[in-house]
Amino acid sequence: MGSIVTSKKWRLVALLSSVTFFATAQETSLLVIGIMQDGGRPQMGCLKSCCKDMRQREFVSSIALIDSANQVYHLLDATPDIASQFQLINQSLSATCKLGSIFLTHAHVGHYTGLQFLGRESMNASHVPVYTMPRMERFLTDNGPWSQLIRLNNIQLKAQHTDQPIQLGNFQITPLLVPHRDEFSETVGYRVKGPRKSFLFIPDIDKWERWERSLAAEIQKVDYAFIDGTFFADGEVNRPMREIPHPFISETIALLDSLPRTIRERVYFTHFNHTNPLLNPTNPDRISLEKAGYHFATTGTRLAL
Ligand SMILES: [Zn+2]
Ligand SMILES: [Zn+2]
Ligand SMILES: [Zn+2]
């Protein structure tokens, strides 16, 4: 008798924990809310076919971390498209969630200038936590209009340090220092862990060889890797490309091609320059990379974490 009661109890415990597990899996996710390099699409001054059609507008690269159980979402970067990205998030969610925190990668225009819309001219937000590295923090504190956001308590700066995880509800968010053109701030990417799955977000890096970590090893630690896909190959823009270094997608795949397909499938290229021919889903090089397992980030994609 006792053993039947115990086994029933265990079955109930197992059932309840699987329900909780399912609920958590549904409720924590990442949502891709932009895929472009800082200038977006259309890019100012570009009269070519890549930017002509306004229906092909794309937002600057960013990811929202959705924590429905806590009715909150966090943003990786604050892009100049943040107002439209807010609407996109609200339309994608069934429950109402509020903006929680913002995590900034660096002080290039596509990654932080969306903060301006938290100010009194626009949203007039109150005490939104903004996580920054030390130089980024000084940059915002010492320069207007960002200093006013701090003074008027629209935002509240929070310190983050490389390799030190920050626990926020169901997410653990770890900044990772990366080499980049650091004129105004250092640059970080993020590793984010949910209850079940994790991902890497590195929208900007100069070249993988200049990083003290191995890209292949970092991809193997996570389930998805959203990485710098700014340019496909050398010669893509009409100016010396060493002035704006990024790993060409052609170089990144050379680093990863010997890995098993299951690892390559974790890669999602993002932060595309408007000139990148792989932005076009019918491009033959893109199609063959997709056949090899690589993904190209798409706005609106939602993945459970
Ligand atoms: Zn960028
Ligand atoms: Zn263009
Ligand atoms: Zn940058």
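Residues numbered from 1 in each chain as written. Chains lettered and ligands numbered in written order. Predicted model: local features only at pLDDT ≥ 70, side-chain atom pairs only at ≥ 80, totals over all residues. Heavy atoms only, no water.

Engineer: If you had to explain the sheet that holds strand β10 (residues 198-202) to someone new, which residues and values would you point to?
Structural biologist: Spatial ordering of the open sheet is given by β7-β8-β9-β10-β11-β12-β13, a layout of seven strands whose pairing is mixed. For this open sheet the edge positions go to β7 (166-168) and β13 (295-296), each flanked by a neighbour on one side alone. Relative to strand β9 (residues 188-193), strand β8 (residues 171-177) runs antiparallel, the two sharing six bridges. Residue pairing across strands places I173 opposite V192, the latter belonging to β9. Contacting β11 (224-228), β12 (267-270) and β13, helix α8 (residues 249-256) crosses the sheet at an angle of about 165 degrees to β12. (Pairing = 2+ DSSP bridges. Helix = DSSP H or I, 4+ residues; strand = E, 2+ residues; numbered from the N terminus. Contact = heavy atoms within 4.5 Å. Axes fitted to C-alpha atoms, helices over the stretch in contact; angles between N-to-C directions.)

Engineer: I'd like to hear about the coordination of the zinc ion (ligand 2), residue by residue, with values.
Structural biologist: Coordination of the zinc ion (ligand 2) by the protein comes from C46 (SG), C50 (SG), C51 (SG) and H274 (ND1), over a distance range of 2.1 to 2.4 Å. Here the zinc ion (ligand 2) binds four donor atoms, and the angle range of 101 to 124 degrees at the metal identifies the geometry as tetrahedral. Here the donor residues of the zinc ion (ligand 2) share one chain and are spaced in sequence as C-x3-C-C-x222-H. What makes C50 buried here is its relative accessible area of 17%. (Donors = N, O, S within 2.8 Å, 3.2 Å for Na, K, Ca; no water. Tetrahedral: all angles 85-135°; square planar, octahedral: opposite > 155°, others 65-115°. Buried < 20%, exposed > 50% of the residue type's maximum accessible area, 1.4 Å probe, protein only.)

Engineer: An account of the environment of T28 is requested, with residue identities and associated values reported.
Structural biologist: Following the sequence through the fold, T28 ends up in strand β1 (residues 28-34). T28 gets classed as buried once you look at its relative accessible area, which sits at 0%. A sequence separation of 125 residues divides T28 from N153, and the C-alpha atoms of the two residues are 29 Å apart. Residues contacting T28, with those up to four places away along its chain left out, are I66, D67, N170, F171, P195, A304 and L305. A polar contact is formed between the side chain of T28 and the backbone oxygen of L305, at a distance of 2.6 Å. (Polar contact = N/O pair within 3.5 Å; in protein donor to acceptor, adjacent residues only side chain to side chain.)

Engineer: Provide a residue-level description of the sheet that holds strand β4 (residues 98-103), including the pertinent values.
Structural biologist: The mixed open sheet is built from seven strands, whose spatial order is β6-β5-β4-β3-β2-β1-β14. Here the strands that pair on one side only, and so sit at the sheet edges, are β6 (155-159) and β14 (302-304). Geometrically, the sheet is characterised by an average inter-axis angle of 25 degrees between neighbouring strands, direction not taken into account. Relative to β1, helix α3 (residues 82-92) is tilted by about 140 degrees, and along the sheet it contacts β1, β2 (62-67), β3 (72-76), β4 and β14. Lying over the sheet, helix α5 (residues 134-142) contacts β5 (128-132) and β6, oriented at roughly 125 degrees with respect to β5.

Engineer: Kindly report on the environment of E212, identifying the contributing residues and their values.
Structural biologist: Counting through the fold element by element, E212 comes out in the loop between β10 and α7 (215-220). Here E212 falls in the exposed class, since its relative accessible area comes to 66%. Put simply, E212 and E183 are 29 residues apart on the chain and 20 Å apart in space, counted from C-alpha to C-alpha.

Engineer: Lay out α5 with the relevant residues and their values.
Structural biologist: All buried positions along α5 are accounted for by M136, F139 and L140. Summarising the axial view, the buried residues of α5 lie within an arc of 90 degrees, below the 170-degree limit, and thus occupy one face. Buried residues along α5 sit against α4 (109-112), β5, α6 (146-151) and β6. (Arc of directions from axis to C-beta.)

Engineer: Describe the pairing of β8, and please don't skip the residues or the numbers.
Structural biologist: Two faces make up the sheet, and in a regular strand the side chains alternate between them. Most of β8 is tucked away: five of the seven residues are buried. Note that β7 and β8 share three bridges and pair antiparallel. Its bridge partner being in β8, L168 is matched across the sheet by F171. Hairpin connection of β7 to β8: two residues between the antiparallel strands, including G169 at a positive phi of 55 degrees.

Engineer: Quick rundown of the coordination of the zinc ion (ligand 1)? Include the residues and the values.
Structural biologist: In the first shell of the zinc ion (ligand 1), the protein supplies D38 (OD), H111 (NE2), D204 (OD) and H271 (NE2), at 2.0 to 2.1 Å from the metal. Coordination geometry of the zinc ion (ligand 1): the four donor atoms subtend angles of 83 to 170 degrees at the metal centre, consistent with an arrangement described as irregular. All donors of the zinc ion (ligand 1) come from a single chain, and their spacing in sequence reads D-x72-H-x92-D-x66-H. Separating the zinc ion (ligand 1) from the zinc ion (ligand 3) is a gap of 3.6 Å. With D38 in the loop between β1 and α2 (49-52) and D204 in the loop between β10 and α7, this residue pair connects regions lying 166 residues apart in the sequence. Neither D38 nor D204 differs from the other in exposure class; each is buried.

Engineer: Please provide a residue-by-residue account of the nonpolar core, values included.
Structural biologist: General note: in soluble globular proteins, nonpolar side chains tend to be found buried as a group. If you look at the biggest cluster of nonpolar residues, it comprises 52 residues, and the most contacted ones within it are L30, L76, F199, F226, I249 and F269. By size, the runner-up hydrophobic cluster in this structure holds 30 residues, among which are I66, L88, V128 and L140. (Core = buried A, V, L, I, M, F, W, Y, C linked by side-chain atoms within 4.5 Å.)

Engineer: I'd like to hear about the side chain of T113, residue by residue, with values.
Structural biologist: On the secondary structure map, T113 appears in the loop between α4 and β5. The buried category is assigned to T113, whose relative accessible area is 11%. From its side chain, T113 meets the backbone oxygen of V109 in a polar contact 2.7 Å long. Contacts of T113, omitting those with residues within four sequence positions, involve A78, P80 and W146.

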